[in-house]
Amino acid sequence: SVLQNHFLKGVSYPTGGSSEIAFHMIPTITKAGGNVFVRAPVDGIVLDNSGKAVGVRMKKDGRVINAPVIISNAGLYNTVQLLPEPARPKLDYMMQHVRPGNGGMSVYVGLKGTAEELGLAGKHYWAMWTQPGKEDLDLITENYMDRNVNDVTSGPVPLLFISFPSAKDPLWADKHPGKSTATIVTFANFDWFKKYENERVMHRGTEYEKLKKSLGELIWNQTLALFPQLKDKVEYFDVGTPVTNKYYIGAAGGEMYGVDHDVKRY
């Protein structure tokens, strides 16, 4: 409800796209004596004899970067795994009461045509598929998430978040004339894709690609039911699964919003 309330009256979008956030933050950080590293995985959090976090150990060369305060924004599961083994038992009780959030699925589409030509607005759309007399969205979503991997496309995906990022950015048309983008996000069961999680990214095999494509096409066809004018305008189509999220953002269950916000946790 807090999230919904946040969106009700509209939200801000950075002119020039989300990369502008980092572009403008980094000079401020470096000017203050800080530094920013990318593609620099951390292998562990270093503790002193008292158990206080005093540094992080880099995965590439084992170098330790010390600091008076260590802040982890890697999520609960990743942070626990980065701690030395002796420190983890203290967290056992807490870990019994949390679980990863639902896995996330994303469809990224490049479109031919401007926002005006395609009739796109810089808005967020929440599309929910129900049937007359069966409007219990929680139950419908639970049934969808419980589907067998062979039945993932046996019916509609119950909830889609649809957005057109290019229509939100006033500079988009200057950089990419005649083009538009669409992003669709929904839930997906991590277990559907789990057996592929340790395969090399971009090389997870024909079976994985077929599963990903079939679910992505289902999501896109549902989107076309609401925006039929986009049917023949696709120039780029890519699908991200829960294992994609695990690879790129280190999400334990392929989730996009951290540990599950369920009643038991609170």
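Small disclaimer: the values here were computed from a predicted structure and weren't measured. (Residues numbered from 1 in each chain as written. Predicted model: local features only at pLDDT ≥ 70, side-chain atom pairs only at ≥ 80, totals over all residues. Heavy atoms only, no water.)

Caption draft 1: How the structure looks around the overall build of the protein chain. On a plain count of helices and strands, the protein chain comes out with 10 helices and eight strands. Overall, the protein chain is about 65 × 45 × 40 Å in size when its C-alpha atoms are taken along their principal axes. Going through the 266 residues of the protein chain one by one, you find that 33% of them count as buried. Across the protein chain, every contact between residues at least 6 apart in sequence was considered, and the portion connecting residues at least 24 apart equals 67%. (Helix = DSSP H or I, 4+ residues; strand = E, 2+ residues; numbered from the N terminus. Buried < 20%, exposed > 50% of the residue type's maximum accessible area, 1.4 Å probe, protein only. Contact = heavy atoms within 4.5 Å.)

Caption draft 2: Structural detail: the sheet that holds strand 1 (residues 42-47). Pairing in this open sheet of three strands is antiparallel, and the strands run 1-2-3 from one edge to the other. Strands at the two margins of the open sheet, each flanked by one partner only, are strand 1 and strand 3 (64-66). In this sheet, adjacent strand axes meet at a mean angle of 25 degrees when their direction is disregarded. (Pairing = 2+ DSSP bridges. Axes fitted to C-alpha atoms, helices over the stretch in contact; angles between N-to-C directions.)

Caption draft 3: Examining a negative patch on the surface more closely. A cluster of acidic residues, Asp136, Asp138, Glu142 and Asp146, forms a negative patch at the surface. Along the polypeptide, Asp136 turns up in the loop between strand 5 (124-128) and helix 6 (137-145). (Patch = residues over 30% accessible without salt bridge, like charges linked within 9 Å, V, L, I, M, F, W, Y side chains within 5 Å. Areas by Shrake-Rupley, 256 points an atom, 1.4 Å probe, with all protein chains shown as cover. Salt bridge = Lys/Arg side-chain N within 4 Å of Asp/Glu carboxyl O. Lys, Arg positive; Asp, Glu negative; His and termini not counted. Charge placed at Lys NZ, Arg CZ, Asp CG, Glu CD.)

Caption draft 4: Examining the packing of aromatic side chains more closely. On inspection of all chains with the given rule, the structure shows nine aromatic pairs. Relative to Trp192, the ring of Tyr144 has its centre 5.4 Å away and its plane inclined at 80 degrees; by these criteria the two rings are edge-to-face. Separated by 48 residues along the polypeptide, Tyr144 in helix 6 and Trp192 in helix 8 (residues 190-193) bring together distant segments of the chain. Assigned by exposure class, Tyr144 and Trp192 land together as buried. Members of the aromatic cluster, connected to one another through ring pairs, are Tyr125, Phe164 and Phe227. Directly above the aromatic system of Tyr208 lies the positively charged group of Arg204, at a separation of 5.6 Å from the ring centroid. (Phe/Tyr/Trp six-rings, centres within 6.5 Å; stacked < 30°, edge-to-face > 60°. Lys NZ or Arg CZ within 6 Å of the ring centre and 35° of its normal.)

Caption draft 5: Just unusual backbone geometry, in detail. Non-glycine residue Arg39 carries a positive phi angle of around 50 degrees. The residue Arg39 is located in the loop between helix 2 (19-31) and strand 1 in this model. Classification of Arg39 by relative accessible area gives exposed; the value is 86%. With a phi angle near 75 degrees, Met202 is a residue other than glycine that sits in the positive phi range. In this structure, Met202 sits in the loop between helix 8 and helix 9 (206-226). Residue classification places Met202 among the exposed residues on the basis of a relative accessible area of 64%.

Caption draft 6: Quick look at the sheet that holds strand 6 (residues 159-163). Pairing is antiparallel across the open sheet formed by five strands, whose spatial order is 5-6-7-4-8. Strand pairing shows two members of the sheet lacking a second neighbour, strand 5 and strand 8 (234-240), which therefore form its edges. Averaged over all adjacent pairs, the angle separating strand axes in this sheet is 15 degrees, with direction ignored. Summarising the sheet, strand 4 (residues 103-112) and strand 7 (residues 179-188) pair through 10 bridges and their orientation is antiparallel. By the bridge assignment for strand 7, Gly110 is matched with Thr181. Across the sheet, helix 10 (residues 242-249) is in contact with strand 4, strand 7 and strand 8; its angle to strand 4 comes to roughly 90 degrees.

Caption draft 7: The nonpolar core, seen in detail. Formed by 33 residues in total, the largest nonpolar core has its most connected members in Leu111, Ile184, Phe193, Leu215, Ile219, Trp220 and Leu230. Going through the elements one at a time, strand 4, helix 5 (115-118), helix 6, strand 6, strand 7, helix 8 and helix 9 are the ones with two or more residues in this core. Here this core takes seven residues from helix 9, the largest share from any one element. Beyond its immediate sequence surroundings of up to four residues, Leu215 is in contact with Met105, Tyr144, Val152, Thr153, Val157, Trp192 and Phe193. By size, the runner-up hydrophobic cluster in this structure holds five residues, among which are Ile45, Val80, Ala87 and Leu91. (Core = buried A, V, L, I, M, F, W, Y, C linked by side-chain atoms within 4.5 Å.)

Caption draft 8: Molecular detail of helix 10. Those residues of helix 10 lying buried are Pro242, Val243, Thr244 and Asn245. Each element contacted by the buried residues of helix 10 is listed here: strand 4, strand 7, helix 8, helix 9 and strand 8. One or two positions beyond helix 10, positive phi appears at Gly250, with a value near 65 degrees.

Caption draft 9: Focus on the pairing of strand 7. Of all 10 residues in strand 7, eight are buried; the element is thus mostly enclosed. In the sheet, strand 6 pairs with strand 7 via three bridges, with the strands oriented antiparallel. Within the sheet, the bridge partner assigned to Ile162 lies in strand 7 and is Ile184.

Caption draft 10: Layout of the environment of Arg147. Relative to the elements of secondary structure, Arg147 occurs in the loop between helix 6 and strand 6. Taking C-alpha positions, Arg147 is 9.0 Å from Trp192, a pair spaced 45 residues apart along the chain. At 3.1 Å, the side chain of Arg147 forms a polar contact with the backbone oxygen of Gly155. (Polar contact = N/O pair within 3.5 Å; in protein donor to acceptor, adjacent residues only side chain to side chain.)

Coordinates in, geometry out; function isn't part of it.
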